[in-house]
Amino acid sequence: MATNTRTERNDGPVNEPDFMHVTRGLKSWLITLDHKRIGMMYLAGILISLIIGGTFALLIRTELWSTGKTIVEQDTYNKFFTLHGAVMVFLVIIPGIPAALGNIIMPIQLGAPDVAFPRLNLASFYFWIAGALLLVGAVPFGGLDTGWTLYTPYSLQSKTPVLVATMGVFLLGFSSIFTGLNFLVTIHKFRPQGMGWFQLPLNVWAIYATAIMQVLATPVLAITVLLLSVERFAHIGIFDAQMGGDPVLFQHFFWFYSHPAVYIMIIPAMGVISEMLSTFARKPIFGYRFIAYSSISLALLSFLVWGHHMFVSGQSRLANMVFSALTFTVGIPAAIKVFNWVATLYKGDIRLKTPMLYTLSFLLLFTIGGLTGLFLGVLAIDVHLHDTYFVVAHFHYVMMGSTLVAFLGALHHWWPKFTGKMYNEGIGRICAIGVFVGFNGTFLPQFVMGARGMPRRYWDYDPQYQIFHQLSTIGAFVLGISMFVAIVSLVSSFWTGKRAPRNPWGGSSLEWQAPTPPPLYNFEKPPVLHEIYNYDDLVEVEEDVWERRAPIEAEPDEVPGHAHEHAKPLPPVVAPATAALPAKAPYVPPTEPPEDDK
Amino acid sequence: MTVEQPHAAHGDDHGHGHHGSPFIQHHYDDAQHQFDSGKLGIWLFLAQEVLFFSGLFVAYILYRFHHPEIYSYAHKYLDVKMGAINTAVLIFSSLTAAWAVRAAQLGQRKLLIGCLSVTLLCALTFLGVKYMEYSHKIHEHILFGSRFDPCVSSGGTPLLTKNNECPGHKSSILWDYDSAKPITGCMPAFSVDTDLQQRGIQASCDVTETQIEIKKDRKNNPFVVPAEKPTKTAEKIATQCPPLSLHHEDADGDHPAAEHGEHGEHGSAACWRVAEQPAVCRPGWFFTTRCTGGETFAGAEQALAVALRDKAEADKALAKVTTAKDEARIKAETANVAKAEAALIEAEGIAVLAKACKPTETYWASSAYQDRNECIDGRSAREKAIKKVIQAETDKKVATAAYTITDCVRSEQVGVIVEHHDHEEQPAEIIALATCKGPPKPVDPGDILADRENPLVLGKKAIDPQRPVTAHDEHELEAMGPPPDHTGMFFTIYFAMTGLHGIHVLFGVFVFIWLLIRAVKGQFTPDYFGPVDFAALYWHIVDLIWIFLFPLLYLIH
């Protein structure tokens, strides 16, 4: 209750309880329609999954410490890497930023009271829970040993409970589809008047691009795993060569989804990176439109390059060449982004807070991950590197070094906003450095041993690879411990952390105008639009407390705290903001006419 | 200070709205905002649906591109009439769904209820027709993957299933993959059970006759094609027949069970066995026997051995005959040869049948018995013997009427076989051979033997030139023969596509029931009709997908 009555600096008293205290009890969470609560529940599930997936990763690395058997037999090892991949991809990285952080933050960044379809949002969450339970439920039923890609024909022959896992993936797919659909409609229909497409935070752009892929690519995965399930269950033969089916068709279907899925993983990371980079460099993002468009073009290109996963699967030479060429074009929007981020840092007033440390890690790791991707896109080189540790290292640099690092950074960045508590900055920084060091320690040796021919997914190896495996294992433990400590530190701040102010980092987007934590419909009074990524009038009044130099009142007749009694409790944004502004207000009216899409 | 607040009182509940309809949710500006959001949402959902189905369409295209023969063969199993009815029903229901939206917009509650009810009825009709189609296919083993094991070919030719599983349908026509040629037989299942051997055949059979042609499929395998619609010629019911015997010396030898069988007037096991024989050996024709309850036809190999022994004896006798001076003795021996020969042919046929009916040996059935190798094996010596037998028979002046009848029939068979074997060179002989010297056999409706109306016509038919084969004929022809490899893939695709579509229709049924309840409660107003609009859009895409499925699956040419 105490949190509800405190006074916020320069924003007047908060008369509404925050979203965590509106109602109480487990049931009020389980049937909540509030996007923030749903996002928090996603976050809890994702962090638990992260620990499960991470445990499997450490078990893999421990097994690979020495040649031959270290701790487990081959079959168990197969289950370890399968579940590591499946849990991390389907339960952590894909929903990590969009479903958890996106759910919590994105509607507030839009100044919206909620997502467009709150009930669908809750349904998505329960799809996710059901899917996660089925996927992780494969463990008590004997584990899964097909690899996370579920390639036929082995997935049709495996004795492990593939059907359970595929049904889980099917449900997770629909969770993802409905989340994306919800976000698309929210971004289209809940932008406040005056916030045109190019006044959107880049995080919203990234989530928009992601949602396009979620809606258009995931159904293909859904039908694929559905067919695989039916194939397992009724032997319809569609992927079974004995009955005239085509096992490689499964690979095409799978990668038609799973390549966009890589971008579903990375683009939201790019979105949060843009936010954090600009905030902690105290500079407007360089090349806003280029970053926005590059997100969209990455989303579209992602549908055209799936074949580069199948260069050695017997595709025609022509198809290989086309896919190879298209793969290189992906480098263009990715490079545009990196260039713009670096340009944003140039002459910036860089604050090395924990989120910024993760952001800088991201820049380095993503660059390495992206460039090694170009190696793999070269047909001749791919034949040598295919299915080696080089590939493993490459996609970990992208999926983990980039996405998960960005996720951790974003988690630190917005943690004070939605929990109302500051985390321990010292621990956060140490862990960020630990993650960076541990990550490179894990995966740089894998590039080397991959290039020297160490195949992926092998339980045993020749002695000449042992030094690389041991380096990698040491790095993995540094990485694992750092991440674990970071998460424990974050979660414990719930109880031990300092109370967070509205705007601890001096962010310029709308969520920093909302109370901390936000009330049920996010704003106790309509937020005021400012020019996006303009930090000129934000000053740090004391450590980690930022204010606008010229406070801006809401419409005079809009009394805070009574908004809920109106027909519509919270208009998502103040309408023509200029009318309410004092003459000296630094507000720059939107240069574009209000969007007229209703 | 939390719970007392009116705002907090309804907590997360988004169901309380303002602006007229009570169904405008909390977080929307107004009814229009909610409607617009819902509309965009449903369009995105439909885009998702298109992509969801796209995987199946890609699989369809891929497999059709690689295996067009599967599609052109297998689609004939689908009932175009049923598909067309469903198409019409769905298009009509799309109209009523759209009409329901208008009724909701205008606040015409009764019209809305009417339109929703009709849409719901159409959806149920669609599912009913689908149920009929599916249950037929399940019954006939027209299923996906390796469960594709149908009782009839797509051209209507009866097929024998792997395990003789088709209830009520036992085919007589077999396809022997080992020898890559059609063979024949109507033995429900071969068993060496001595009990059954003693009891003989227990079966009830419909015998139909069809004129056939032998064609080659893409792999140059011969298969038979009916040239005319099959005609039902007889119904055979045989129970508790005596064991097979090839040594009926009496004139009545082919119908021993007629006197004591339960269905005496319809013949017996022996009748049936004999019944198939001439039909089988009729050139240009094949016969189909669909038997129910049949169990075994045992003793065929034994019969063959007996027949071969008889044949040897007959040959020996014939040799004697040719050198003997005794006219009477010649006649007698000749008669023996003729009977032994007939028995041999018969036994060979039976042996083939028995072999063909072994489930492990054969699978597809689609051919006629009179394949030259199976029927007479081209043994010229035997042909000579046969000719001599016929000659002897022709010269024979003294014979009992019954004997003549039997002999006449036998000679007809033999003649036909020869014709088939070498019809181009011996057309004249066919006619001669087909001429029956004895008195015409009295017509017995229960006996296929009695159905020979005009032997001359048979011979003519066999040597009549065929009309030129058109592309359409080729296509039809393909559909008649044995199924191409992996035909089940078509039905994998068929069941996946129509099944997924059917689930969508079923979901639509629930949606329309829900809408109907709400419409009856009067919850839709001109302010608030979004759910009707969105459901109608959903229904249109379900309809649209079917409009693609119908030609892609049913109308392949």
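Residues numbered from 1 in each chain as written. Chains lettered and ligands numbered in written order. Predicted model: local features only at pLDDT ≥ 70, side-chain atom pairs only at ≥ 80, totals over all residues. Heavy atoms only, no water.

Asks: Please provide a residue-by-residue account of the overall build of chain B, values included.
Replies: Along the backbone of chain B there are 17 helices and six strands. Counting only residues that meet the buried cut, chain B has 56% of its 557 residues in that class. Across chain B, the fraction of contacts at a sequence separation of at least 24, relative to all contacts at a separation of at least 6, is 77%. About 23,700 Å² of surface is accessible on chain B, with carbon and sulfur atoms providing 60% of the total. (Helix = DSSP H or I, 4+ residues; strand = E, 2+ residues; numbered from the N terminus. Buried < 20%, exposed > 50% of the residue type's maximum accessible area, 1.4 Å probe, protein only. Contact = heavy atoms within 4.5 Å. Areas by Shrake-Rupley, 256 points an atom, 1.4 Å probe, with all protein chains shown as cover.)

Asks: Before we move on, can you summarise the overall build of chain A with the specific residues and values?
Replies: Secondary structure assignment for chain A yields 17 helices and four strands. The proportion of buried residues among the 598 residues of chain A is 66%. A separation of at least 24 residues holds for 80% of the contacts in chain A among residues at least 6 apart in sequence. Surface accessibility of chain A: about 20,600 Å² in total, with carbon and sulfur atoms responsible for 68%.

Asks: Could you give me a rundown of the interface of chain B and chain A, with the residues and numbers involved?
Replies: Residue-level contacts link 44 residues of chain B with 62 residues of chain A. In this assembly, chain B packs against chain A so that about 4,500 Å² is buried in total across both faces, 69% of it on carbon and sulfur atoms. There are zero salt bridges connecting chain B and chain A. Elements represented by at least two residues in the side of chain B that touches chain A include exactly helix 1 (6-9), helix 2 (31-66) and helix 16 (488-520) of chain B. Counting residues per element, the side of chain B that touches chain A draws most heavily on helix 2 of chain B, which supplies 19 residues. Partitioning the side of chain B that touches chain A into residue classes produces 19 nonpolar, 20 polar and five charged. (Buried area = accessible area lost by both parts, 1.4 Å probe. Salt bridge = Lys/Arg side-chain N within 4 Å of Asp/Glu carboxyl O. Nonpolar A, V, L, I, M, F, W, Y, C, P; charged D, E, K, R; others polar.)

Asks: Outline the nonpolar core, listing residues and values.
Replies: Membership of the largest hydrophobic core comes to 266 residues, with the highest contact counts inside it found for Phe90, Trp341 and Phe362 of chain A together with Phe490 and Phe491 of chain B. Excluding its chain neighbours within four sequence positions, the residues that come into contact with phenylalanine 362 of chain A are Ile266, Ala269, Met270, Ile273, Trp341, Thr367, Gly401, Ser402, Val405 and Ala406 of chain A. (Core = buried A, V, L, I, M, F, W, Y, C linked by side-chain atoms within 4.5 Å.)

Asks: Please provide a residue-by-residue account of the packing of aromatic side chains, values included.
Replies: A complete count under the given rule lists 66 aromatic pairs over all chains for this structure. On the basis of an interplanar angle of 65° and a centroid distance of 5.7 Å, the ring pair of phenylalanine 198 of chain A and tyrosine 293 of chain A is categorised as edge-to-face. Of this pair, phenylalanine 198 of chain A sits in the loop between helix 7 (162-189) and helix 8 (202-234) while tyrosine 293 of chain A is found in helix 10 (residues 288-301), placing the two residues 95 residues apart along the sequence. For phenylalanine 198 of chain A, a relative accessible area of 16% gives the class buried. Geometrically, the ring pair formed by phenylalanine 490 of chain B and phenylalanine 491 of chain B is edge-to-face, given 5.1 Å between the ring centres and 80° between the ring planes. The pair phenylalanine 490 of chain B / phenylalanine 491 of chain B is uniform in exposure class, with both members buried. Across from the ring centre of tryptophan 197 of chain A, 4.2 Å away, lies the NZ or CZ of arginine 191 of chain A, which sits over that ring. Over the ring of tryptophan 546 of chain A we find arginine 282 of chain A; its NZ or CZ atom is 4.0 Å from the centre of that ring. (Phe/Tyr/Trp six-rings, centres within 6.5 Å; stacked < 30°, edge-to-face > 60°. Lys NZ or Arg CZ within 6 Å of the ring centre and 35° of its normal.)

Asks: Before we move on, can you summarise the packing of helix 12 (residues 354-377) of chain A against helix 15 (residues 425-451) of chain A with the specific residues and values?
Replies: Residues and elements named next belong to chain A. For the pair helix 12 and helix 15, interaxial distance at closest approach is 8 Å and the crossing angle is 10°. Classified by the interaxial angle, the pair formed by helix 12 and helix 15 is roughly parallel. Helix-helix and strand crossings are classified by hand; for helix 12 and helix 15 the assignment is left-handed. Residues Thr354, Leu357, Tyr358, Ser361, Leu364, Leu365, Ile368 and Thr372 of helix 12 form the contact with helix 15, whose participating residues are Glu425, Gly428, Arg429, Cys431, Ala432, Val435, Phe436, Phe439, Asn440 and Phe447. (Axes fitted to C-alpha atoms, helices over the stretch in contact; angles between N-to-C directions. Parallel < 35°, antiparallel > 145°, perpendicular 65-115°, else oblique. Left-handed = near helix turned anticlockwise from the far one by under 90°.)

Asks: An account of the packing of helix 3 (residues 35-63) of chain A against helix 5 (residues 118-137) of chain A is requested, with residue identities and associated values reported.
Replies: All names here are of chain A. Where helix 3 meets helix 5, the closest approach of the two axes is 10 Å, and the angle between their N-to-C directions is 15°. If you check the angle between helix 3 and helix 5, you find them roughly parallel. Here helix 3 runs over helix 5; the crossing is left-handed. Together, His35, Ile38, Met41, Tyr42, Gly45, Ile46, Ser49 and Ile52 of helix 3 and Pro118, Asn121, Leu122, Ser124, Phe125, Trp128 and Val136 of helix 5 make up the contact between the two elements.

Asks: Kindly report on helix 5 of chain A, identifying the contributing residues and their values.
Replies: Residue and element names in this part refer to chain A. Compared with the 28 Å implied by 1.5 Å per residue over 20 residues, the 28 Å span of helix 5 between its first and last C-alpha is a close match. Listed as buried for helix 5 are Pro118, Asn121, Leu122, Ser124, Phe125, Trp128, Gly131, Ala132, Leu135 and Gly137. Where the residues of helix 5 are buried, they touch helix 2 (26-30), helix 3, helix 4 (74-109) and helix 7. (Expected span 1.5 Å × (residues − 1).)

Asks: Summarise the pattern of salt bridges; cite the residues concerned and give the values.
Replies: Residue and element names in this part refer to chain A. Tallied over the full model, the rule gives twelve salt bridges over all chains. Lysine 353 is the partner of aspartate 544 in a salt bridge, and the nearest nitrogen-oxygen pair spans 2.9 Å. Remark: lysine 353 occurs in the loop between helix 11 (317-345) and helix 12 and aspartate 544 occurs in the loop between strand 3 (538-542) and strand 4 (545-548); sequence separation between them is 191 residues. Aspartate 544 sits in the buried class, given a relative accessible area of 9%. Exposure remark for lysine 353: the relative accessible area of 12% places this residue in the buried category. The partner of aspartate 387 in a salt bridge is arginine 456, with the nearest N and O atoms 3.6 Å apart. A residue pair is termed long-range when its members are at least 10 positions apart, and aspartate 387 in the loop between helix 13 (379-385) and helix 14 (389-419) and arginine 456 in the loop between helix 15 and helix 16 (466-496) qualify at 69 residues.

Asks: Describe the pairing of strand 4 of chain A, and please don't skip the residues or the numbers.
Replies: Residue and element names in this part refer to chain A. Burial along strand 4 is two-sided: Val545 and Glu547 and Trp546 and Arg548, pointing in opposite directions, are all buried. In this structure, strand 3 lies alongside strand 4, joined through four bridges in antiparallel fashion. Bridged to glutamate 542 within strand 4 is valine 545. As consecutive antiparallel partners, strand 3 and strand 4 are separated by two residues, and within that stretch aspartate 544 has a phi angle of approximately 60°, a positive value. (Pairing = 2+ DSSP bridges.)

Asks: Summarise the environment of phenylalanine 53 of chain B; cite the residues concerned and give the values.
Replies: All names here are of chain B. Looking at where phenylalanine 53 falls in the secondary structure, it is placed in helix 2. With relative accessibility at 1%, the residue phenylalanine 53 sits in the buried group. Each C-alpha atom of the pair phenylalanine 53 and isoleucine 142 lies 23 Å from the other, and the pair is 89 residues apart in sequence. Excluding residues within four positions of it along the chain, phenylalanine 53 makes contact with Met497, Leu500, His501, His504 and Ile545.

Asks: Could you give me a rundown of helix 15 of chain A, with the residues and numbers involved?
Replies: All names here are of chain A. With 27 residues, helix 15 extends 39 Å from end C-alpha to end C-alpha; this agrees with the ideal 39 Å at 1.5 Å per step. Between a side-chain oxygen at the N-terminus of helix 15 and the backbone nitrogen of glycine 426 the separation is 3.0 Å; the capping residue is asparagine 424. Of the residues trailing helix 15, glycine 453 is marked for its positive phi of about 105°. (Polar contact = N/O pair within 3.5 Å; in protein donor to acceptor, adjacent residues only side chain to side chain.)

Asks: Please provide a residue-by-residue account of unusual backbone geometry, values included.
Replies: Residues and elements named next belong to chain A. A cis amide bond, omega 0°, links threonine 152 with the succeeding residue proline 153. Here proline 153 is to be found in the loop between helix 5 and helix 6 (154-157). Of note, the phi angle at aspartate 387 is positive, near 60°, even though the residue is not glycine.

Asks: Go over empty space enclosed by the protein with me, naming the residues and quoting the values.
Replies: Residues and elements named next belong to chain A. Taken as a whole and judged by the stated rule, the model has ten cavities of 30 Å³ or more. Phe90, Ile94, Pro95, Leu172 and Ser176 are, among the 16 residues lining the largest cavity, the residues nearest its centre. Counting residues per element, the ones that place at least two in the lining of the largest cavity are helix 4, helix 7 and helix 8. Ranked by the residues each element gives to the lining of the largest cavity, the list is headed by helix 7, at six residues. In the lining of the largest cavity, the residues fall into ten nonpolar, six polar and no charged. (1 Å grid on protein atoms, 1.4 Å probe; cavity = no way out; pocket = protein on both sides within 12 Å on 5 of 7 lines; lining within 4 Å. Points joined across faces, edges and corners; volume = space filled by probe spheres on them.)

Asks: Pulling in residues and values, what's your account of the side chain of glutamate 275 of chain A?
Replies: Residues and elements named next belong to chain A. Tracing the chain through its elements places glutamate 275 in helix 9 (residues 247-281). An unpaired buried charge is present at glutamate 275: no salt bridge exists, and lysine 337, the closest side chain of opposite charge, is 11 Å distant. In terms of polar contacts, glutamate 275 uses its side chain to reach the backbone amide nitrogen of leucine 202, at 3.0 Å. At 3.2 Å, the side chain of glutamate 275 forms a polar contact with the backbone nitrogen of asparagine 203. In contact with glutamate 275, other than residues within four places in its own chain, are Gln109, Pro201, Leu202, Asn203, Trp414, Ser509 and Tyr533. (Lys, Arg positive; Asp, Glu negative; His and termini not counted.)

Asks: How would you explain the state of the cysteines if you had to name every residue and give the values?
Replies: All names here are of chain B. This model, assessed by the stated rule, comprises zero disulfides over all chains. Take cysteine 122: it sits in no disulfide, and the sulfur closest to it among the cysteines is that of cysteine 115, at 11 Å. Using a relative accessible area of 9% as the deciding quantity, one classes cysteine 122 as buried. (Disulfide = S-S within 2.5 Å.)

Asks: Describe the environment of leucine 116 of chain B, and please don't skip the residues or the numbers.
Replies: Residue and element names in this part refer to chain B. Positionally, leucine 116 belongs in helix 5 (residues 109-139). Along the chain, leucine 116 and aspartate 527 lie 411 residues apart, while their C-alpha atoms are 19 Å from each other. Each residue touching leucine 116, except ones within four places of it in the same chain, is listed here: Ala100, Phe512, Leu515, Leu516 and Ala519.

Asks: Would you mind going over a nonpolar patch on the surface in detail, with residue names and values included?
Replies: Residues and elements named next belong to chain A. Taken together, the side chains of Phe328, Leu371, Leu374, Phe375, Val378 and Ile381 present a nonpolar region at the surface, about 460 Å² in accessible area. Take the nonpolar patch: its biggest share by element is three residues, from helix 12. Take leucine 371: it is sitting in helix 12. (Patch = residues over 30% accessible without salt bridge, like charges linked within 9 Å, V, L, I, M, F, W, Y side chains within 5 Å.)

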